[in-house]
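Secondary and tertiary structure notes
One-letter residues, chain by chain:
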Amino acid sequence: MCSHAIEKTSVTGSGKGTKGWFSLSTACVCFDHPYFTPLERTLNIDFIDEASGPEARVAVELSPDSARALMRSIQLALEAG
Amino acid sequence: MHQAMMAETVTIAGHGGDRIAAYFARPLGPGPYPAVVVVHHMPGWDEATKGITLRFASRGYAAICPHLHYREGGGSSPDDAAAAVRARGGVPDERFLGDAAGAIDYLRSLPYCSGKVGAIGYCSGGRQVFLAACSLPVDAAVDCYGGFVAESPPEGMPLRMAPVIDRAADLRCPLLGLFGAEDSHPAPAETRRTAEILEQHRKAFEFHTFPGAGHGFFATDRPSYRVEAANQGWQRVFDWFGRHLASA
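What counts, and where the lines are drawn
Residues numbered from 1 in each chain as written. Chains lettered and ligands numbered in written order. Predicted model: local features only at pLDDT ≥ 70, side-chain atom pairs only at ≥ 80, totals over all residues. Helix = DSSP H or I, 4+ residues; strand = E, 2+ residues; numbered from the N terminus. Contact = placed C-beta atoms within 7 Å. Nonpolar A, V, L, I, M, F, W, Y, C, P; charged D, E, K, R; others polar. Expected span 1.5 Å × (residues − 1). Buried ≥ 20, exposed ≤ 12 C-beta atoms within 10 Å, placed from the backbone. Pairing = 2+ DSSP bridges. Axes fitted to C-alpha atoms, helices over the stretch in contact; angles between N-to-C directions. pLDDT = per-residue confidence, 0-100. Parallel < 35°, antiparallel > 145°, perpendicular 65-115°, else oblique. Left-handed = near helix turned anticlockwise from the far one by under 90°.

Another point: the overall build of chain A. Tallying secondary structure elements over chain A gives 1 helix and 4 strands in all. The helix and strand sequence of chain A, counted from the amino end, reads β-β-β-β-α. Along the first, second and third principal axes, the C-alpha set of chain A runs to 35 × 30 × 20 Å. For chain A, contacts bridging at least 24 residues in sequence account for 40% of all contacts bridging at least 6.

So, in structure tokens, the structure goes:
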């Protein structure tokens, strides 16, 4: 089954969705079945603003290796700044 | 197979009298037809699940798939609506039961419905069908790899769902369970436990676990699709509903 194992964290920032930029409230992270990516499981992140409805959402589905590489890149970028 | 069918989106009265959308398909003819409620998976009220609803119509059933995420995203794409529901911890059981009851009422109100109504669900819908079979007037049920029937979700997860096996004594119709041997939610150990409890309560059920298949083996649009398990599973489904939804 979809594990439904979700990590939610409050975030401050903005995302660009189908209707342009919006303020983010939350990032929902799970390692579960993807909606679109042709893999069994992916690391899925929904950047959302819960107060603005379901379309206030920026979604990504990453392979496990891609997700780990992204984590390293984020860490390096923050340290370099 | 019925070559002539019709399909459309209808509005039904769901939980609390809320008006929600439902995808509905039926053979074109006078009937009487048995009916099936199709309970969609966690990814939402999507094209794949509507395709399953059409398949039932092609096999002689009036079939309806209520949009369980309608309140969070009735006008949004299925994946956006599903994400909103996921962020809130899933669909509350009470609300699901109200929506499913509305779908059953809708089917039984149709002049060409035989009055026999089954329910089938996939993924989270499998668990929901177990719940419906213990609570609502259905004549046969099919749980396709529904997890958290007998086990709790992982600790600390923002899920509203809890195990429903404590309702097993109330199971009111024959239950068919179709599972993958490689699935982890539900793992074979969980489905064995569910079977043991159903046996203790002397309930009518059949569970089949397909080797080489994991979660979502019916999903033709996903890499989890396993053609052999899916083909055998569909045969089991139509045999089950054929036996238990036949008119007297």
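Here the narrative resumes.
If you look at the interface, chain B gives 30 residues, while chain A gives 21 residues. The set of elements that each furnish at least two residues to the side of chain B that touches chain A consists of helix 2 (70-73) and helix 3 (78-87) of chain B. Residue contributions to the side of chain B that touches chain A peak at 7 residues, all from helix 3 of chain B. Here the residues of the side of chain B that touches chain A sort into 15 nonpolar, 10 polar and 5 charged.

Compared with an ideal rise of 1.5 Å per residue, which puts 17 residues at 24 Å, helix 1 (residues 64-80) of chain A spans 24 Å between its outermost C-alpha atoms and is within 8% of the ideal. Judged by how many residues are buried, helix 1 of chain A sits mostly at the surface: 0 of 17 residues are covered.

The subject of this paragraph is the sheet that holds strand 2 (residues 20-32) of chain A. Here 4 strands make up an open sheet; going across it, the order is 1-2-3-4 (chain A) and the pairing antiparallel. Where the open sheet ends on each side, the last strands, each with one partner, are strand 1 (6-17) and strand 4 (57-62) of chain A. When strand polarity is set aside, the average angle formed by the axes of neighbouring strands in this sheet is 25°. Of the pairings in the sheet, the one linking strand 2 of chain A to strand 3 (residues 42-48) of chain A comprises 7 bridges and is antiparallel in character. Residue pairing in the sheet places Ala-27 of chain A in a bridge with Phe-47 of chain A of strand 3 of chain A. Along the sheet, helix 3 of chain B makes contact with strand 1, strand 2, strand 3 and strand 4 of chain A, crossing strand 3 of chain A at roughly 85°.

This part takes up the confidence of the model for chain B. Here chain B averages 95 in pLDDT, and 97% of its residues register 70 or above. Across the interface, the model reports ipTM at 0.85; the global pTM reads 0.93.

Helix-helix packing: each pair is described by the crossing angle between the helix axes and the interaxial distance. All names here are of chain B. Between helix 4 (residues 93-108) and helix 5 (residues 124-135), the least distance of the axes is 10 Å, while the angle of their chain directions is 65°. Classified by the angle between their axes, helix 4 and helix 5 sit roughly perpendicular to one another. As helix 4 packs across helix 5, the resulting crossing turns out to be right-handed. Contacts between helix 4 and helix 5 pair Asp-93, Phe-96, Leu-97 and Ala-100 from the former with Gln-128, Leu-131, Ala-132 and Ser-135 from the latter.

As a general point, the strands of a sheet are linked pairwise by backbone hydrogen bonds and lie either parallel or antiparallel. Residues and elements named next belong to chain B. A sheet is described by the order of its strands in space; here 8 strands give the open sequence 1-2-4-3-5-6-7-8, paired in mixed fashion. Of all strands in the sheet, those with a lone pairing partner are strand 1 (5-13) and strand 8 (205-210), marking the two edges. Taken pair by pair, the neighbouring strands of this sheet meet at an average axis angle of 20°, ignoring direction. Examined bridge by bridge, strand 5 (residues 113-122) and strand 6 (residues 140-144) share 5 bridges and lie parallel to one another. Looking across to strand 6, one finds that Gly-121 is bridged to Asp-143. Along the sheet, helix 4 contacts strand 1, strand 2 (19-27), strand 3 (33-39), strand 4 (62-66) and strand 5; its crossing angle with strand 4, the most-contacted strand, is approximately 155°. Each of strand 7 (175-180) and strand 8 is contacted by helix 6 (residues 188-200), which is oriented at about 165° to strand 8, the strand it contacts most.

So, on to the environment of Ser-77 of chain B. All names here are of chain B. On the secondary structure map, Ser-77 appears in the loop between helix 2 and helix 3. With 17 C-beta atoms packed within 10 Å, Ser-77 lands in the partly exposed category. Taking the C-alpha atoms as reference points, Ser-77 and Gly-44, 33 residues apart in sequence, are found 9.1 Å from one another.

Once that is clear, we can look at unusual backbone geometry. Residues and elements named next belong to chain B. A cis amide bond, omega 0°, links Gly-31 with the succeeding residue Pro-32. Structurally, Pro-32 is set in the loop between strand 2 and strand 3. Along the chain, His-185 connects to Pro-186 via a cis peptide bond; the corresponding omega equals 15°. By the secondary structure assignment, Pro-186 is in the loop between strand 7 and helix 6. Phi angles above zero are rare outside glycine, and Arg-202 is one such case at about 55°. In this structure, Arg-202 sits in the loop between helix 6 and strand 8.

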